[in-house]
Amino acid sequence: MQIAVVSIFPEMVRTVAEHGVVGRAMERQLAALRIEDPRDYATDTHRTVDDRPYGGGPGMVLKYRPAVEAIRAARTALPEGSPVIYLSPSGRAFDQGEASRLSALPGMILLAGRYEGVDERLIEEEVDEELSLGDFVLSGGEIAAMAVIDAAVRLLPGVLGDEDSAVQDSFVEGLLDYPHYTRPEEIEGRRVPAVLLSGDHARIARWRYKQALGRSFLRRPDLVKKLQLGREQQELLDEFLKEQGRVT
Ligand code: 4GY
């Protein structure tokens with residue numbers, strides 16, 4: 001997958017390709033990252049990329065011209081069918097399903113805004129979709145772009161080993177993750193749940209699924225409501241709630 005990020009902080013974005021799972025995917029050429037800096041396309045001596053908002057008000061706006069040239073350079077370098085995606089709180093909600101959809105694309109161009117935002121005509125002319133990580137405001141789109149890259153690249157075939165396969169991740173099933181434990185068996189009087197030491201893989205899988213269902217029900221009822229639980233799942237959830245000393 002060929003990924004381009006348009007950002008006035010290229011060094012910030014580069015770090016996503018230098019660490020962990022994404023870094024390894026880039027080394028193995030399963031994904032490639034190209035960064036375009038609008039400042040490189042500014043034509044004045046100060047290499048200006050921002051300007052004051054028409055209508056007044058606080059802050060600055062990312063100028064159209066340098067940004068559009070950066071996007072078009074990215075388009076030229078990327079395969080056909082690589083959408084331009086703007087990261088902002090006004091976008092459609094980004095979730096695991098969106099990550100999966102993006103991971104199947106030949107490429108994508110992520111536009112990271114700064115200041116109060118980008119000139120609206122840039123969105124109208126160049127942006128194919130707008131995605132949001134959630135209802136909060138970052139000071140720039142870079143961290144959001146890096147999150148989208150991370151979530152998509154780890155789903156590319158061959159990126160995760162069998163060890164940490166994405167198939168059994170939290171959310172792939174639409175549920176929160178189950179709790180994890182490692183050595184030692186006891187910390188401050190808290191023991192690892194006995195079932196995890198039993199070696200009975202079927203019982204362990206059942207316990208984990210029960211925890212995932214139960215936690216999701218308590219913490220994210222919206223996720224569970226979307227699911228339409230089967231008989232066995234309903235029983236597992238009831239069992240979880242009984243064990244927690246709650247009643248349905
Ligand atoms: N939330 N989800 C987000 C964000 C920063 C100024 C517009 C978000 O995706 N991006 O908060 N982005 C702002 C910074 C321009 C985007």
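Check the entry above for the structure.
Residues numbered from 1 in each chain as written. Predicted model: local features only at pLDDT ≥ 70, side-chain atom pairs only at ≥ 80, totals over all residues. Heavy atoms only, no water.

Here the focus is the overall build of the chain. Assigned secondary structure in the chain consists of 9 helices and 9 strands. Relative to the compact-globule value of 18 Å for 248 residues, the chain shows a C-alpha radius of gyration of 23 Å, a clear excess of over 25%. The buried share of the chain, taken over its 248 residues, is 41%. For the chain, contacts bridging at least 24 residues in sequence account for 74% of all contacts bridging at least 6. Accessible surface, the chain: about 14,800 Å² in total, of which carbon and sulfur atoms supply 48%. Positive and negative side-chain charges in the chain, numbering 31 and 41 respectively, have mean positions lying 4 Å apart. (Helix = DSSP H or I, 4+ residues; strand = E, 2+ residues; numbered from the N terminus. Rg over C-alpha atoms; globule rule 2.2 N^0.38 Å. Buried < 20%, exposed > 50% of the residue type's maximum accessible area, 1.4 Å probe, protein only. Contact = heavy atoms within 4.5 Å. Areas by Shrake-Rupley, 256 points an atom, 1.4 Å probe, with all protein chains shown as cover. Lys, Arg positive; Asp, Glu negative; His and termini not counted. Charge placed at Lys NZ, Arg CZ, Asp CG, Glu CD.)

Time to look at unusual backbone geometry. In this model, Arg-183 is joined to Pro-184 through a cis peptide bond whose omega is 5°. Located in the positive-phi region is Gln-29, a residue other than glycine, with phi close to 60°. Along the chain, Gln-29 turns up in the loop between α2 (20-27) and β2 (32-36). Residue classification places Gln-29 among the exposed residues on the basis of a relative accessible area of 70%.

Turning our attention to the site of the ligand. Around the ligand sit 17 residues, and of these Tyr-86, Leu-133, Gly-134, Phe-136 and Leu-138 come closest. Between the ligand and the protein, one listed contact pairs a nitrogen atom with a backbone N or O atom of Ser-88 at 3.4 Å. Leu-133 is positioned such that a nitrogen or oxygen atom in its backbone is 2.8 Å from a nitrogen atom of the ligand. In the complex, the protein chains occlude 95% of the 390 Å² of accessible area that the ligand would expose alone. Broken down by secondary-structure element, the contributors of at least two residues to the shell around the ligand are β5 (84-93) and β7 (129-132). Here the shell around the ligand is composed, by residue class, of 10 nonpolar, 6 polar and 1 charged. (Near = heavy atom within 4 Å. Polar contact = N/O pair within 3.5 Å; in protein donor to acceptor, adjacent residues only side chain to side chain. Nonpolar A, V, L, I, M, F, W, Y, C, P; charged D, E, K, R; others polar.)

Moving on to the sheet that holds β7. One open sheet accounts for 5 strands, arranged β2-β1-β6-β5-β7; its pairing is parallel. The strands lining the two open edges of the sheet, one partner per strand, are β2 and β7. Strand-to-strand twist in this sheet, taken as the mean axis angle between neighbours without regard to direction, amounts to 35°. Across 3 bridges, the pairing between β5 and strand β6 (residues 107-111) is parallel. (Pairing = 2+ DSSP bridges. Axes fitted to C-alpha atoms, helices over the stretch in contact; angles between N-to-C directions.)

Take the packing of helix α7 (residues 201-219) against helix α9 (residues 231-243) next. With their axes 9 Å apart at the nearest point, α7 and α9 run at an angle of 75° to one another. When the axis of α7 is compared with that of α9, the two are roughly perpendicular. Of the residues in α9, those in contact with Arg-206, Tyr-209, Lys-210, Gln-211, Leu-213, Gly-214, Arg-215, Phe-217 and Leu-218 of α7 are Gln-233, Leu-236, Leu-237, Glu-239, Phe-240, Leu-241 and Glu-243. (Parallel < 35°, antiparallel > 145°, perpendicular 65-115°, else oblique.)

In short, the description is geometric, and any link to function would need to be established separately.
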